[in-house]
Amino acid sequence: DHLPNEVLSELAECYLVGHLRTPGGDLGFLINELVEIATRALSSGINDPTTAGTCIDWLGAGATEISQRAIPSSMRLDDSRRLRVVALPDSFEDYVERSFGRLRQYVAGDMNAALHLLRTLGEVAESCSGDEQIEALAAEADRLSTIAEHKLVGANLVQYQARARQLQRMLVGGATAGM
């Protein structure tokens, strides 16, 4: 019922508790910051698609890195191989939604930002190791297109649709070819 002081000390060294989230200890914090900066950059009061594009580039770099890593098992075993913790690790799809999905509504109304996001999704796809990852990117591109087709008009819409079709062909070809 009571742990020895040595064990308590070891456990305490594994955690740092504070009042603020930190970039070093919380990937979600960094993603949220970039999404917020991009969202503000695309607001009508600021209208800065270049800053939004830079944020999209950083989110793309992060997604590329995550696509190349193995998602850990949810089962955490001790040295004796006994189950100790069942975790809920984020999947690649979770990262795509947290970053690009939260930007979708704002990006879809700006042709430059929408084209930039499509290009970034294609760049991330080039690093993906599995069909599930490609499918997550294709689904995100579809969701972006659904909104963009209602927000963009005229030549902007035509240019967006051409790029979106090009990306979907690449993603479908890549998923079936195993990229």
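Residues numbered from 1 in each chain as written. Predicted model: local features only at pLDDT ≥ 70, side-chain atom pairs only at ≥ 80, totals over all residues. Heavy atoms only, no water.

### Comments concerning the pattern of salt bridges
The full count for this structure, using the stated rule, is nine salt bridges. With its nearest N and O atoms 3.0 Å apart, the salt bridge here joins Glu-97 to Arg-104. When its relative accessible area of 12% is taken as the criterion, Arg-104 is described as buried. The partner of Glu-140 in a salt bridge is Arg-143, and the shortest N-O contact between them spans 3.4 Å. (Salt bridge = Lys/Arg side-chain N within 4 Å of Asp/Glu carboxyl O. Buried < 20%, exposed > 50% of the residue type's maximum accessible area, 1.4 Å probe, protein only.)

### Quick look at the pairing of strand E2 (residues 83–86)
Inspection of the sheet shows strand E1 (residues 75–77) paired to E2 by three bridges, in the antiparallel sense. Within E2, the position partnered with Met-75 by the bridge is Val-86. As consecutive antiparallel partners, E1 and E2 are separated by five residues, and within that stretch Arg-81 has a phi angle of approximately 65°, a positive value. (Pairing = 2+ DSSP bridges. Helix = DSSP H or I, 4+ residues; strand = E, 2+ residues; numbered from the N terminus.)

### Comments concerning the confidence of the model for the chain
Summary statistics for the chain give a mean pLDDT of 90 and a share of 93% for residues scoring 70 or more. Across the chain, helix H5 (residues 111–125) holds the top mean pLDDT of 97, while helix H1 (residues 5–13) sits lowest at 86. (pLDDT = per-residue confidence, 0-100.)

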